[in-house]
Amino acid sequence: MVKTGSKVFSGKKRWLWAAVGLSLLAMAAGFFRWSSADLAAARQELAVARQSLSEARQTEVQTIDQAKRAQLALGLMRDAAAVGLRHSSWAERRFNIKQANMSRAAANALLSEMVRSPDRLFGAEEFELSVRDSKEGLFSNVLDPGSTVQVSVRGSLFFRTTGDGV
C-alpha cells in the first residue's frame, strides 16, 4: 500500500506542481500584459515629448531670428537718429496720379517736388511720363507751350517736419 499511496501522493504532487506552474504562468502573463501596457504608454509619452522638443527647438530658432532682427532694427534706428532721420521728424504724402494729362510746366513742378534733398525723400512705386503726340519728344524743347504730357505717379513723398536734420 505504501507503493499505492506514494503513487497517489505522487499524482497529487504532480497536480499541485501543475497548479502552481499554471498559477505562476498566469501571473507572469498578467505581469507582462500590464508591463506592455505601461511600455505602450511610455512610448506614447516619449513620442509626445519628442514632438514637444521639436516644436521647442523650432520656436527657439524663430525667437533667435526675431531677436537678431530686433537688434538690427535697433541699430538702424540709432543710425537713423544719428543722421536726423527720426520717424517723428517726418511726414508722408501719398501720390496716386493715373494717366493725367498735364502741361509741361505742371509736370515739371510736380517732378521738382519729388526731387531728393536732405528734407525730402520720394519712393516711387510706379512712375511713367510720356508724350501724347508721336511727333513730340519727351526731352526736346517743344515750340507749343500748351503741349501736354501724360503722367502716372504712385508712391510716397517723405518730407521733414522739424529742422533737426542734416
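Nothing here was measured: the structure is a model prediction, and the numbers come from that model. (Residues numbered from 1 in each chain as written. Predicted model: local features only at pLDDT ≥ 70, side-chain atom pairs only at ≥ 80, totals over all residues. Heavy atoms only, no water.)

Before we move on, can you summarise the overall build of the chain with the specific residues and values?
A tally of helices and strands in the chain yields 2 helices and 3 strands. Ordered by position in the sequence, the α and β elements of the chain form the string α-β-α-β-β. In the chain, which comprises 166 residues, the share counted as buried stands at 14%. Within the structure as shown, the chain displays about 13100 Å² of accessible surface, and the carbon and sulfur contribution to it stands at 61%. (Helix = DSSP H or I, 4+ residues; strand = E, 2+ residues; numbered from the N terminus. Buried < 20%, exposed > 50% of the residue type's maximum accessible area, 1.4 Å probe, protein only. Areas by Shrake-Rupley, 256 points an atom, 1.4 Å probe, with all protein chains shown as cover.)

Which residues make up the packing of aromatic side chains, and what are the values?
For the coordinates displayed, the defined rule picks out 3 aromatic pairs. Ring geometry for Phe95 against Phe122: centres 5.9 Å apart, planes inclined by 80°, an arrangement best described as edge-to-face. Here Phe122 lies in strand β2 (residues 120-131) and Phe95 lies in strand β1 (residues 90-103), a separation of 27 residues in the sequence. Residue Phe95 is classed as buried on the basis of its relative accessible area, which comes to 4%. Since its relative accessible area comes to 21%, Phe122 is described here as partly exposed. A connected cluster of aromatic rings, assembled from ring pairs, spans Phe31, Phe32 and Trp34. (Phe/Tyr/Trp six-rings, centres within 6.5 Å; stacked < 30°, edge-to-face > 60°.)

Could you give an account of the sheet that holds β2, naming the residues involved and the relevant values?
The antiparallel open sheet is built from 3 strands, whose spatial order is β1-β3-β2. The sheet terminates laterally at β1 and β2, the two strands that pair on one side only. The sheet shows a mean angle of 0° between the axes of neighbouring strands, direction not considered. Strands β1, β2 and β3 (148-160) of the sheet are contacted by helix α2 (residues 104-113), whose axis makes an angle of about 160° with β1. (Pairing = 2+ DSSP bridges. Axes fitted to C-alpha atoms, helices over the stretch in contact; angles between N-to-C directions. Contact = heavy atoms within 4.5 Å.)

Talk me through the nonpolar core; I want residue IDs and the actual numbers.
Phe95, Ile97, Met102, Ala107, Leu110, Met114, Val149, Val151, Val153 and Leu157 form the largest nonpolar core, which has 10 residues in total. Elements supplying a minimum of two residues to this core: β1, α2 and β3. If one sorts the elements of this core by residue count, β3 sits on top with 4 residues. Excluding residues within four positions of it along the chain, Val151 makes contact with Ile97, Lys98, Gln99, Ala100, Met102, Ala107, Leu110, Glu128 and Leu129. (Core = buried A, V, L, I, M, F, W, Y, C linked by side-chain atoms within 4.5 Å.)

Which residues make up α2, and what are the values?
Restricting attention to buried positions, one finds in α2 the residues Arg104, Ala107 and Leu110. Down the axis of α2, the sector holding all buried residues measures 120°, keeping them to one side. Counted as exposed and oriented over 90 degrees from the buried face of α2: Ala105 and Asn108. On the buried face of α2, the contacting elements are β1, β2 and β3. (Arc of directions from axis to C-beta.)

Quick rundown of the pattern of salt bridges? Include the residues and the values.
Counting across every chain of the model gives 5 salt bridges. In this structure, Arg94 and Glu125 form a salt bridge, with 3.0 Å as the shortest nitrogen-oxygen distance. Of this pair, Arg94 sits in strand β1 while Glu125 sits in strand β2, and the two are 31 residues apart along the sequence. Across the salt bridge formed by Glu126 and Lys98, the nearest N and O atoms sit 3.2 Å from each other. Here Glu126 is found in strand β2, whereas its partner Lys98 is found in strand β1, with 28 residues between them in sequence. Judged by relative accessible area, which is 23%, Glu126 ranks as partly exposed. The class for Lys98 is exposed, based on a relative accessible area of 51%. Within the structure, one salt-bridge network assembled from shared partners comprises Arg94, Lys98, Glu125, Glu126 and Arg154. (Salt bridge = Lys/Arg side-chain N within 4 Å of Asp/Glu carboxyl O.)

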